[in-house]
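Breakdown of the fold
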Amino acid sequence: MIAPLDAVLDPVARTRGVRAVVLAAEDDGVPVHAITQTDVDAETLTALGCRLYRSARLASERAGFGASSIMHVEAEGGQIVVARAGNRAGALVVIVLADSDANTGALRLVLSRAATAAAEAA
Amino acid sequence: MSDEIGRLSDLLAGDPASLAFIPLADALRRGSQPDVALRVVLRGLERHAYNADAHDVAARIYADIGDRERAKDEWEMALKITTGHVGALRGLGFLAFQRGDLSTAERHLRDAAERAPHDAGIRTALDRLRATRAVENGSNGASAPAAAPRGTYAVAEPLGELLIDANGLVLAGELRDHTGTDVSASVGAELTGVRAEAEQALARLGLGEWRALSIDAASAAVGLAPAPNGAVTLVAAAPGTAPGLFRRHLQRARQRAVSFFEATV
């Protein structure tokens, strides 16, 4: 039997190009559950992903754009996508690290589904 | 901001029946404390259930946190209490725009403009809305930025675009929020700060140089991309803008940034 959080993250982890997917509490930046490839340090990814998402979320709110649901950073060597699970600030977030050539549309789709499932499971 | 919140909190503590809860809730909303702002305004509404401005502020808070249904309820309530309430008309126009109901959005904004003819923000929002409608209708209206031929896809133009230097100062462009206020400077200062955070994170993860950072927020899709000389280009588009189209907007903004520096060096 697949554990509930594995069931939430597994579809993301199986998406082509995904190297790591982590469910974490935004406030403390510590992983709640993670599925990663061996070369990815889940704790570092979570800490940096949560911090960056929090920074972007607060800046967006202060700039008057309101709460943010997804943040996407593209870089030469990969991409990081963070989706908020639930409507409250400080909620759970799902963080994905993927290759730079991973299909962005597919990533956003599976990540949104995982965030919804995580919010329901929380 | 915190001084204002403190002053209004003291005022409300001294007279709990006063209307100070309205500016206090709005200040808390602008200070990114939506949960507290909501508690304050809902408590105030228990005493002042028929205050249109209070419902207007409640609606803004709901809009900020992405609860459009409640925002709509509150703005409709404000309109029932005060016919022609400008804030409510503007808010309902914004919500209609978000869900793609451009004719309703135009009707609300036109009503707001008639009641507040000197409000430049409403006028600008109305002009942009009409330009968007002209594009979607494939007309050749003078205000349309680039009319799409009939039978092609409608292309929604971005809400605004900024070029910001390495110090967070606006070099070019303009951006207005849903109330029509020019927010270029504050948006530039706030969001370019995220760039340094992103660069640090990417360096720690060994991912190299950043290419773009985008945020899907309640009232806009916002994107940042690096520009020459340490500058950043920023694009804001209506929430729900197709991600692929948004990426093209951002790419074009980057090209314009390069042209800007070539022309000004």
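In what follows, the structure referred to is the one given above.
Here the structure is a predicted model, which is why all the values come from computation and not from measurement.

Examining the pattern of salt bridges
Oppositely charged side chains may form a pair once their charged atoms are brought near each other. The final tally for this structure, using the stated rule, is 18 salt bridges over all chains. Between Arg-60 of chain B and Asp-56 of chain B there is a salt bridge, with the nearest N and O atoms lying 3.6 Å from each other. Of this pair, Arg-60 of chain B and Asp-56 of chain B both sit in helix H4 (residues 52–64), 4 residues apart, roughly one helical turn. The exposure class assigned to Arg-60 of chain B is buried, which follows from its relative accessible area of 14%. Ionic contacts of the salt-bridge type, sharing partners, join the residues Glu-26, Asp-27, Arg-54, Arg-57 and Glu-61 of chain A into one network.

A closer look at the interface of chain B and chain A
How big an interface is tends to be reported as the loss of accessible area on association of its parts. Facing 34 residues of chain B, the contacting portion of chain A comprises 34 residues. With both chains or domains summed, chain B and chain A bury close to 3,200 Å², and 57% of this area falls on carbon and sulfur atoms. Linking chain B to chain A there are 3 salt bridges. For the salt bridge of Arg-247 of chain B with Glu-74 of chain A, the shortest nitrogen-to-oxygen distance reads 2.9 Å. Run the count over chain B and chain A and you get 11 residue pairs in polar contact (both at pLDDT 80 or more). Going through the elements one at a time, helix H9 (184–204), strand E3 (210–217) and helix H10 (243–264) of chain B are the ones with two or more residues in the side of chain B that touches chain A. Ranked by residue count, the leading element in the side of chain B that touches chain A is H9 of chain B, at 10 residues. The residue makeup of the side of chain B that touches chain A, split by class, is 20 nonpolar, 5 polar and 9 charged. Where strand E3 (residues 68–75) of chain A meets E3 of chain B, 7 bridges bridge the pair, whose relative direction is antiparallel. From the neighbouring strand, Ile-70 of chain A faces E3 of chain B, where its bridge partner is Asp-216 of chain B.

Conventions we followed
- Residues numbered from 1 in each chain as written.
- Chains lettered and ligands numbered in written order.
- Predicted model: local features only at pLDDT ≥ 70, side-chain atom pairs only at ≥ 80, totals over all residues.
- Heavy atoms only, no water.
- Salt bridge = Lys/Arg side-chain N within 4 Å of Asp/Glu carboxyl O.
- Helix = DSSP H or I, 4+ residues; strand = E, 2+ residues; numbered from the N terminus.
- Buried < 20%, exposed > 50% of the residue type's maximum accessible area, 1.4 Å probe, protein only.
- Contact = heavy atoms within 4.5 Å.
- Buried area = accessible area lost by both parts, 1.4 Å probe.
- Polar contact = N/O pair within 3.5 Å; in protein donor to acceptor, adjacent residues only side chain to side chain.
- Nonpolar A, V, L, I, M, F, W, Y, C, P; charged D, E, K, R; others polar.
- Pairing = 2+ DSSP bridges.

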